[in-house]
Amino acid sequence: MKIKIPSQPVYIPLFLLLAFLCYQAHQLTRHLVGAVLCGGFGTMTFTIAITKQPCLFPVLVTLSGPLLTYGLAWFGMFLLRSPKYRLFAYALIFASFAHLRFIQTLTGRGDELILSEGWFGISSRVVVAVIVFLIGLPPVIAAFRAIANRRRTLVFICSWLLPLPLLFAMLFVNQFLFGANGDQIRGSLLGIAFIVFITDLIAGILLMVFGPRYLNPQKEV
């Protein structure tokens, strides 16, 4: 089953809103799992979740974020089979950021480097990046095959690249507000910086209001 990806401008901010929430879900998952396994809440900003120390299960906390991210992408891949949710599924695959995590690995960031070195003794960024790329590849292939637009390759490239400006913006804003290490938080709720909590709440409400209107069921092609 194929789907025609809309080209109207309104879909771009809606997609970026979904991508933002997916990225926040990654951080929130780490934050909440850390609170459960490490005896209390640490801190969370837009791009960094710091676990309360000492923590007896740091590996499980580190693993929780990537599991959520890859889970979203793979869930989107299987949801492509649904006539009702195919457009949302396509958006979710790219909004999850799973297909971009190998770039973070190459730059020395990301949970996968910590996990690979701790579990398998693999410290090579290139090797880990290849593994990360392969994990995120099947949903991306499924998304490409599902595109019904005439310029399929162009639509795919735009979809693949669209989350990147948002990622760069979040990294810049986070460093500006909370410092390079994300530890300059002046006020928080359950360890989540106030501005992050409010922004995430507003973003979630906006997606619930406008998401069903535009990510509507698509007819089979």
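The structure under discussion appears in the preceding block.
Structural notes, computed from the coordinates. Being a predicted model, the structure only gives us computed values, none of them experimental.

It is worth spelling out the nonpolar core at this point. If you look at the biggest cluster of nonpolar residues, it comprises 55 residues, and the most contacted ones within it are Tyr90, Phe94 and Phe97. Per element, the largest residue contribution to this core is 10 residues, and it comes from helix α1 (residues 11-37).

This part is about the environment of Pro6. Topologically, Pro6 is positioned in the segment before α1. Distance from Pro6 to Thr153, taken between C-alpha atoms, is 14 Å for residues 147 residues apart in sequence.

With that settled, consider helix α2 (residues 58-79). With 22 residues, α2 should reach 32 Å at 1.5 Å per residue; the first-to-last C-alpha distance of 32 Å fits that figure. Among the residues of α2, those classed as buried are Val61, Thr62, Ser64, Gly65, Pro66, Thr69, Tyr70, Leu72, Ala73, Gly76, Met77 and Leu79. Elements in contact with the buried residues of α2: α1, α3 (86-95), α4 (101-106), α5 (111-120), α6 (125-135) and α7 (137-146).

Looking now at the packing of aromatic side chains. Summed over the entire model, instances satisfying the criterion amount to 10 aromatic pairs. Ring centres of Phe20 and Phe46 lie 6.2 Å apart, and the angle between their planes is 55°; on these two criteria the pair is classed as tilted. Of this pair, Phe20 sits in helix α1 while Phe46 sits in the loop between β1 (43-44) and β2 (49-50), and the two are 26 residues apart along the sequence. Ring centres of Phe144 and Phe156 lie 5.2 Å apart, and the angle between their planes is 80°; on these two criteria the pair is classed as edge-to-face. With Phe144 in helix α7 and Phe156 in helix α8 (residues 152-161), this residue pair connects regions lying 12 residues apart in the sequence. Classification of Phe144 by relative accessible area gives partly exposed; the value is 27%. Every member of this aromatic cluster is reached through a ring pair, and the members are Tyr90, Phe94, Phe144 and Phe156. In this structure, Arg152 packs its charged tip against the face of Phe144, placed 4.9 Å from the ring centre.

Reading the values: the criteria
- Residues numbered from 1 in each chain as written.
- Predicted model: local features only at pLDDT ≥ 70, side-chain atom pairs only at ≥ 80, totals over all residues.
- Heavy atoms only, no water.
- Core = buried A, V, L, I, M, F, W, Y, C linked by side-chain atoms within 4.5 Å.
- Buried < 20%, exposed > 50% of the residue type's maximum accessible area, 1.4 Å probe, protein only.
- Helix = DSSP H or I, 4+ residues; strand = E, 2+ residues; numbered from the N terminus.
- Expected span 1.5 Å × (residues − 1).
- Contact = heavy atoms within 4.5 Å.
- Phe/Tyr/Trp six-rings, centres within 6.5 Å; stacked < 30°, edge-to-face > 60°.
- Lys NZ or Arg CZ within 6 Å of the ring centre and 35° of its normal.

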